[in-house]
Amino acid sequence: MWDKQKEVFLPSTPGLGMHVEVKDPEGKVVLSRQYGSEGRFTFTSHTPGDHQICLHSNSTRMALFAGGRLRVHLDIQVGEHTNNYPEIAAKDKLTELQLRARQLLDQVEQIQKEQDYQRYREERFRLISESTNQRVLWWSIAQTVILILTGIWQMRHLKSFFEAKKLV
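Residues numbered from 1 in each chain as written. Predicted model: local features only at pLDDT ≥ 70, side-chain atom pairs only at ≥ 80, totals over all residues. Heavy atoms only, no water.

Trainee: Break down the overall build of the chain for me, citing the residues and quoting the values.
Mentor: A count of helical and extended segments in the chain gives 3 helices and 5 strands. Element order for the chain, N to C, with α for helix and β for strand: β-β-β-β-β-α-α-α. Across the 168 residues in the chain, those meeting the buried criterion constitute 10%. Counting contacts in the chain only where the partners sit at least 6 residues apart, residues at least 24 apart contribute 45% of the total. (Helix = DSSP H or I, 4+ residues; strand = E, 2+ residues; numbered from the N terminus. Buried < 20%, exposed > 50% of the residue type's maximum accessible area, 1.4 Å probe, protein only. Contact = heavy atoms within 4.5 Å.)

Trainee: Could you give me a rundown of unusual backbone geometry, with the residues and numbers involved?
Mentor: Positive phi is not limited to glycine here, since lysine 93 has a value of about 55°. Structurally, the position occupied by lysine 93 is in the loop between α2 (85–92) and α3 (96–164). By relative accessible area, lysine 93 is classed as exposed at 73%.

Trainee: Pulling in residues and values, what's your account of the UniProt feature "transmembrane region" (unreviewed entry) in the chain?
Mentor: Within this numbering scheme, the UniProt entry marks residues 136–155 as carrying the feature "transmembrane region" (unreviewed entry). Segment residues 136–155 splits into 100% helix and 0% strand. End C-alpha atoms: 29 Å apart. (UniProt positions renumbered as here; feature names shortened; annotations may be inferred.)

Trainee: Mind laying out the packing of aromatic side chains, listing which residues take part and the relevant values?
Mentor: Within the structure shown, the criterion is met by 2 aromatic pairs. Geometrically, the ring pair formed by phenylalanine 161 and phenylalanine 162 is edge-to-face, given 5.5 Å between the ring centres and 65° between the ring planes. The class for phenylalanine 162 is partly exposed, based on a relative accessible area of 33%. (Phe/Tyr/Trp six-rings, centres within 6.5 Å; stacked < 30°, edge-to-face > 60°.)

Trainee: Quick rundown of the pattern of salt bridges? Include the residues and the values.
Mentor: A pair can form between side chains of opposite charge whenever their charged atoms are brought close. One pass over the full model with this rule turns up 7 salt bridges. Here aspartate 92 and arginine 102 are joined by a salt bridge, their closest N and O atoms 2.8 Å apart. Linking aspartate 92 in helix α2 with arginine 102 in helix α3, this pair joins segments that are 10 residues apart in sequence. Residue aspartate 92 is classed as partly exposed on the basis of its relative accessible area of 35%. (Salt bridge = Lys/Arg side-chain N within 4 Å of Asp/Glu carboxyl O.)

Trainee: Give me the sheet that holds strand β3 (residues 18–23): which residues, what numbers.
Mentor: A sheet is described by the order of its strands in space; here 3 strands give the open sequence β4-β3-β5, paired in antiparallel fashion. Only two strands of the sheet have a single neighbouring strand rather than two, namely β4 (29–35) and β5 (52–57). The mean angle between the axes of side-by-side strands here comes to 10°, regardless of whether they run parallel or antiparallel. Here β3 runs beside β5; their pairing, made up of 6 bridges, is antiparallel. For methionine 18, the partnering residue across the bridge sits in β5 and is serine 57. (Pairing = 2+ DSSP bridges. Axes fitted to C-alpha atoms, helices over the stretch in contact; angles between N-to-C directions.)

Written out as structure tokens, the structure is:
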């Protein structure tokens, strides 16, 4: 929390925490969890697109409602960058070569996921383009029919007008 007299952030106090909620592009909750004054969260989503991350403080102190401030550090990492390779090497007792091979496999997997996502986007774009093209075609056909019918109506109307005035 922010100390107004000293104008610095105080160390985190016990009982102060955050509620984290993550939703995928379809609005489904991927993660909903309460954390203490410090915490770390990871999640895996199988849906491509923009995700929504909501952070809520559990503090009911009057200082927060009276214009107090909280400091939140949010570091977002995506893909193979989220792995802590020294920790993985220590846990699985991997050699340097095995660790490098695992890193390369993770990078290849990330590239494959990115290619799949680009294929998905290209397919959606193609479907939208075909739909738009189809609508433009039908709109131009409708305009042509309306113009032809209007021309025929005008010709008949003018012909009957001139016949009624006995000019033809």
